[in-house]
Each structure stands twice: as structure tokens, then as C-alpha cells.
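A closer look at the structure
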Amino acid sequence: MGKRKQDLGDVPMGGTRAEGDEDSDDDVEMVNVDFEWFDPQPAVDFHGLKNLLRQLFDNDAQIFDLSALADLILSQPTLGSTVKTDGNESDPYAFLTVLNLQEHKDKPVIQDLIKYIKSKAAANPSLSALNELISQIPVPPIGLILNERVINMPSEVVPPMYNMLLEEMAWAVQDNEPYNFSHYLIISKNYEEIDSKLDLEESRPQKKKKKAGEKSQQFFFHPEDEVLQRYAMCTGTLEYTHQHDDGHSDSKRAFQEAGIRTNGSLILIDGSKFEAAVKAVTEYLNPNPQ
């Protein structure tokens, strides 16, 4: 059944506005939408969750059995949330859940995820703490946070999902269920702007190129990730195993001048700091609650 219904007021559901783009007002449509939070529904949410998982894992979605992963999420219907706009029978526009890597370590899809995370953490020095943690045998009780939403979904839907998750985990622990985690690992995505091949082909004026060795600036698809990483033991970008050719970035142009290249993101938070991180996310995304 519905958990909580909230009216976020007028929210932008149109195009993305570029800073300094005076004409971009015409690309943003303001609409009033009522969002409703539900427990995951095994009877109706399978395909919607699978599509959101495919979006979350992006280029590397093909590595994982997303059907098995969606089934696993739906096997714990009292934990986590979906967000819908047209009642319980409609497809979810967003979801958030947590999976116990230790509890499900024998399931093939979790084994694939652990192997994948280990390989990516081992390749990035900034993720050495994660590599050391997830390489332990048996794997510690790490809560894997999976959170995705459709493009242009307002970020204000996120704080209720995280706060309800905290409540649900507390109730589950009281019932001796395995949701007392030593750490939380958040899988997300970021992107970097790259020179557009279309610009090169059309000989348009180019933006100033990066100097040799200069790191590309990373941008978050989920604004809450900027807050969560402040509470992290470690955080880092992972390059997808399956890469598109250079021209594919032009199909994901963030602004007129640049294409974008998407990457994965891993954020590891000590269990003792997770509640404070959720509070900070709530204050950041909903600074003036009514």
C-alpha cells in the first residue's frame, strides 16, 4: 500500500537549463505532480525495476542478471521504496533499496556484483579501503544501496526514501532480521564533459583544452551524491568495462558545446555515519520543509 503521499508543488519536468543560457527558459516546463511512495510490489514492479537497474548500471548492465537482481529486491517488500504518480499499479519512476552482501553472498547475481566491485576498486587507488573491505572472507555485512530514478525526476523525492529506509532497517533489526550493517556502499553514476566530435567535424570554435595530466571534472547525475561523499571512507569513479565509441558521447550532450562520457561511481560510508549522511542529504535537498 502507499507509504506517504507528498505534493512537491511545481517541479521542472522539461529540458536541462545551462548556466547563462537565457533562452533555456523555453525548454523547461513546470508541472504540478503528486508523488506517492510504495513498498516494492512483486506483482507489478518487476519490469519497472529492471528498466531502472539497466539505467543505473549503464554500459555494464549486460554483465549482470538484472532479472535476478529485480527479483531479489522484490523478495524484501517491507524494505525500500518506489515512487509512482498514478497509483500502485503504475510503473515506478524511482526506487531505493538496500541489499545485504553478506546475507546474499551465495546468490550468483550478488557474486557477480562483488566480483565486479572488487575489480573496479582494485583498479582505483582512491578505492583501496573498499577493495580491502570487500576482499575479506566472508564478505562483511555491507549494505549495498541501489537508487535510481528517471531523468528529470525531481531530487526532492530522495529524502523521504532515505528516511523511510532508516526507519525500516531499524524495525527489521528489532525483528532480528539481517539489516544491521557495518558499512554502506552506494553504486551511482557521474559524467564528464568531453570535446564534441560534431564540433571538430564542423570546425566550430573549441573550448580551451585541458592541459596534459589535468583531471576531468566529474559531475553527478544524483545531486545527493555530492553530500554523501562528504561522509565517505572512500569514494571513486570507475570506468565501465564496456565502452562506447567516442562518437556516442554526442548522443548524450549535456550542453550545446560538449558531449558527455558516463562513468560509474562508488561511495563507501561507515555504518556509524550513515544516519548523519541521510540527515545532511535531507537538509541539502529540502532546506525549507513545510
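Predicted model, so just to flag it, every value in this text is computed and none were measured. (Residues numbered from 1 in each chain as written. Predicted model: local features only at pLDDT ≥ 70, side-chain atom pairs only at ≥ 80, totals over all residues. Heavy atoms only, no water.)

1. What about the overall build of the protein?
Helix and strand content of the protein: 8 helices and 9 strands. Per-residue burial for the protein yields a buried fraction of 44% across its 290 residues. Long-range contacts, defined here as pairs at least 24 residues apart, represent 79% of the contacts in the protein between residues at least 6 apart. Of the roughly 15,100 Å² of accessible surface on the protein, a fraction of 47% belongs to carbon and sulfur atoms. (Helix = DSSP H or I, 4+ residues; strand = E, 2+ residues; numbered from the N terminus. Buried < 20%, exposed > 50% of the residue type's maximum accessible area, 1.4 Å probe, protein only. Contact = heavy atoms within 4.5 Å. Areas by Shrake-Rupley, 256 points an atom, 1.4 Å probe, with all protein chains shown as cover.)

2. Looking at helix α1 (residues 46-57)
For α1, spanning 12 residues, the distance from its first C-alpha to its last is 17 Å, which sits close to the expected 16 Å at 1.5 Å a residue. Residues Gly48, Leu49, Leu52, Leu53, Leu56 and Phe57 constitute the buried set of α1. Within α1, the buried residues cover an arc of 160° as seen down the axis, which keeps them to one side. Looking at the residues trailing α1, positive phi occurs at Asp58, about 50°. (Expected span 1.5 Å × (residues − 1). Arc of directions from axis to C-beta.)

3. Here we look at the environment of His242
The residue His242 is located in the loop between β8 (234-238) and β9 (258-270) in this model. Residue classification places His242 among the partly exposed residues on the basis of a relative accessible area of 32%. Placed 183 residues apart in sequence, His242 and Asn59 show a C-alpha to C-alpha distance of 5.7 Å. Not counting residues up to four positions away in its chain, the partners in contact with His242 are Asn59, Asp60, Gln62 and Ile63.

4. Notes on unusual backbone geometry
Look at the link from Ile137 to Pro138: it is a cis peptide, with omega at -5°. Relative to the elements of secondary structure, Pro138 occurs in the loop between α4 (128-134) and β5 (142-149). Its identity as a non-glycine residue notwithstanding, Asn152 has a phi of 75°, on the positive side. Its location among the elements puts Asn152 in the loop between β5 and α5 (158-174).

5. Some details on the environment of Asn180
Note on placement: Asn180 falls in the loop between α5 and β6 (183-195). Owing to a relative accessible area of 58%, Asn180 belongs among the exposed residues under this scheme. In this structure, Asn180 is in contact with Pro141 and Val173, ignoring residues within four places of it in sequence.

6. Some words on the packing of α5 against helix α8 (residues 274-285)
Between α5 and α8, whose axes approach to 9 Å, the crossing angle comes to 155°. With respect to α8, the axis of α5 lies roughly antiparallel. Judged by the sense of rotation from one axis to the other, the crossing of α5 with α8 is left-handed. Here Val158, Pro159, Tyr162, Asn163, Leu166 and Met169 of α5 lie close against α8, whose contacting residues are Phe274, Glu275, Val278, Val281, Thr282 and Leu285. Here the contact of α5 with α8 is built from residues that sort into 9 nonpolar, 2 polar and 1 charged. (Axes fitted to C-alpha atoms, helices over the stretch in contact; angles between N-to-C directions. Parallel < 35°, antiparallel > 145°, perpendicular 65-115°, else oblique. Left-handed = near helix turned anticlockwise from the far one by under 90°. Nonpolar A, V, L, I, M, F, W, Y, C, P; charged D, E, K, R; others polar.)

7. Some words on the nonpolar core
Leu53, Phe57, Leu130, Leu144 and Leu146 are the most contacted members of the largest nonpolar core, which has 38 residues in total. A total of 7 residues in this core trace back to one element, the largest contributor, which is helix α3 (residues 108-122). Among the nonpolar cores identified, the runner-up in size contains 32 residues, and Val33, Val98, Met164 and Phe181 belong to it. (Core = buried A, V, L, I, M, F, W, Y, C linked by side-chain atoms within 4.5 Å.)

8. With respect to the side chain of Asn190
Secondary-structure assignment places Asn190 in strand β6. A polar contact is formed between the side chain of Asn190 and the side chain of Thr237, at a distance of 2.9 Å. With residues up to four places along the chain from it excluded, the contact list for Asn190 reads Gln218, Phe219, Phe220, Phe221, Thr237, Arg261, Thr262, Asn263, Gly264 and Ser265. (Polar contact = N/O pair within 3.5 Å; in protein donor to acceptor, adjacent residues only side chain to side chain.)

9. Some details on the confidence of the model for the protein
Counting all residues, the mean pLDDT for the protein is 84, and 75% of those residues have values of 70 or more. Low pLDDT, under 50, characterises residues 9-24; the stretch is placed with 31 contacts to residues that sit more than four places away or in other chains. Within the model, pLDDT remains below 50 along residues 247-251, and this stretch shows 8 contacts once partners closer than five positions in the same chain are excluded. (pLDDT = per-residue confidence, 0-100.)

10. Looking at the packing of aromatic side chains
Summed over all chains, the structure comprises 8 aromatic pairs. A ring pair is formed by Tyr184 and Phe274, whose centres lie 3.9 Å apart and whose planes are at 15°; its orientation type is stacked. Of this pair, Tyr184 sits in strand β6 while Phe274 is found in helix α8, placing the two residues 90 residues apart along the sequence. We note that Tyr184, like Phe274, is buried. (Phe/Tyr/Trp six-rings, centres within 6.5 Å; stacked < 30°, edge-to-face > 60°.)

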